[in-house]
Amino acid sequence: LHPTMRQTYRKVHRVSGYAFLTSSILMAIGILVILARDLTFHNDYPSHIPPADDAELLQMKTSITVLTGWFVYTALAAVVKARTKDFEAHRSFVVRHVGSGIWIALQRIIVVCFQGLGLVSGPLQMRNLFGSAVTGSTCLTILASEYAIRLLKKDAETAGPTKSKHL
């Protein structure tokens, strides 16, 4: 939100923040349920293609679990930083949180683009693309969020001490 909006409508900002946190926690629980019930994308493909091997499944489940942990941590850290009135760190953790979750949207865009361009043929290539797009989109969105934090801090430094209170 724009700094003026956050300052003018603090209660709305706080309530929407807790709604954001609640939905994030529910999404993380959903991901853990998907992993626990073995409902991952590897099982969405026809049985005539070779199944993913144990190493691939372990890597995928480990990386998704770590990423989900980071997703929850950044949400909780944002709340803690807001409660301790460290608003610059609060904003940074919100940006990190968005970066650790928005990868899913980017992954879907990558998959649709590859399909639309005819670069994927058959279910095995599709499964491999889907998994590779997870890795690529996660790296891109996390790096982009860190870059955004850097730009926001630089902007706050340029604006001076009176503006930096409204991060």
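Bear in mind the structure is a predicted one, so any value in this text is a computation, not a measurement.

A. Broad picture of the overall build of the protein. The secondary structure content of the protein amounts to seven helices and zero strands. Ordered by position in the sequence, the α and β elements of the protein form the string α-α-α-α-α-α-α. Taking 2.2 N^0.38 as the reference for a compact globule, 167 residues should give roughly 15 Å; the C-alpha atoms of the protein span a radius of gyration of 19 Å, well beyond that estimate. Along the first, second and third principal axes, the C-alpha atoms of the protein reach 65 × 35 × 25 Å. Relative to its 167 residues, the protein shows a buried fraction of 29%. Entry remark: accessible area of the protein is about 10,800 Å², with carbon and sulfur atoms responsible for 67%.

B. Representation of the nonpolar core in the model. Counting residues in each nonpolar core, the largest one holds 15 residues, and the members touching the most others are Y45, I64, V111, M126 and F130. Counting residues per element, the ones that place at least two in this core are helix 3 (54-83), helix 5 (103-116) and helix 6 (123-159). For this core, the element with the highest residue contribution is helix 6, accounting for five residues. Excluding residues within four positions of it along the chain, V111 makes contact with M126, L129, F130 and A133.

C. Structural detail: the environment of E146. Of note, E146 is situated in helix 6. Between the C-alpha atoms of E146 and P3, which are 143 residues apart in sequence, the distance is 20 Å.

D. Main features of unusual backbone geometry. One non-glycine residue, D38, lies in positive phi territory at about 55°. With respect to the element layout, D38 can be found in the loop between helix 2 (10-36) and helix 3.

E. Just the packing of aromatic side chains, in detail. Inspection of every chain in the model, using the stated rule, returns three aromatic pairs. Centre to centre, the rings of F41 and F130 are 4.9 Å apart; their planes meet at 50°, and the pair counts as tilted. Residue F41 is located in the loop between helix 2 and helix 3, and its partner F130 is located in helix 6; the two are separated by 89 residues in the primary sequence. Here F41 and F130 have matching classes, each one buried.

F. View of the side chain of H42. Examined against the element boundaries, H42 turns out to sit in the loop between helix 2 and helix 3. Of note is the side chain of H42, whose polar atom sits 3.3 Å from the side chain of E56.

G. Examining the pattern of salt bridges more closely. Applying the stated criterion across every chain, the model contains two salt bridges. K61 serves as the salt-bridge partner of D38, at 3.1 Å between the closest nitrogen and oxygen. One end of the pair, D38, is in the loop between helix 2 and helix 3; the other, K61, is in helix 3, and 23 residues separate them in sequence. Given a relative accessible area of 26%, K61 falls into the partly exposed group. Between R96 and E146 there is a salt bridge whose closest N-O contact spans 2.6 Å. Pair noted here: R96 is in helix 4 (residues 87-101) and E146 is in helix 6, with a separation of 50 residues, a long-range link.

Scoring rules and cut-offs
- Residues numbered from 1 in each chain as written.
- Predicted model: local features only at pLDDT ≥ 70, side-chain atom pairs only at ≥ 80, totals over all residues.
- Heavy atoms only, no water.
- Helix = DSSP H or I, 4+ residues; strand = E, 2+ residues; numbered from the N terminus.
- Rg over C-alpha atoms; globule rule 2.2 N^0.38 Å.
- Buried < 20%, exposed > 50% of the residue type's maximum accessible area, 1.4 Å probe, protein only.
- Areas by Shrake-Rupley, 256 points an atom, 1.4 Å probe, with all protein chains shown as cover.
- Core = buried A, V, L, I, M, F, W, Y, C linked by side-chain atoms within 4.5 Å.
- Contact = heavy atoms within 4.5 Å.
- Phe/Tyr/Trp six-rings, centres within 6.5 Å; stacked < 30°, edge-to-face > 60°.
- Polar contact = N/O pair within 3.5 Å; in protein donor to acceptor, adjacent residues only side chain to side chain.
- Salt bridge = Lys/Arg side-chain N within 4 Å of Asp/Glu carboxyl O.

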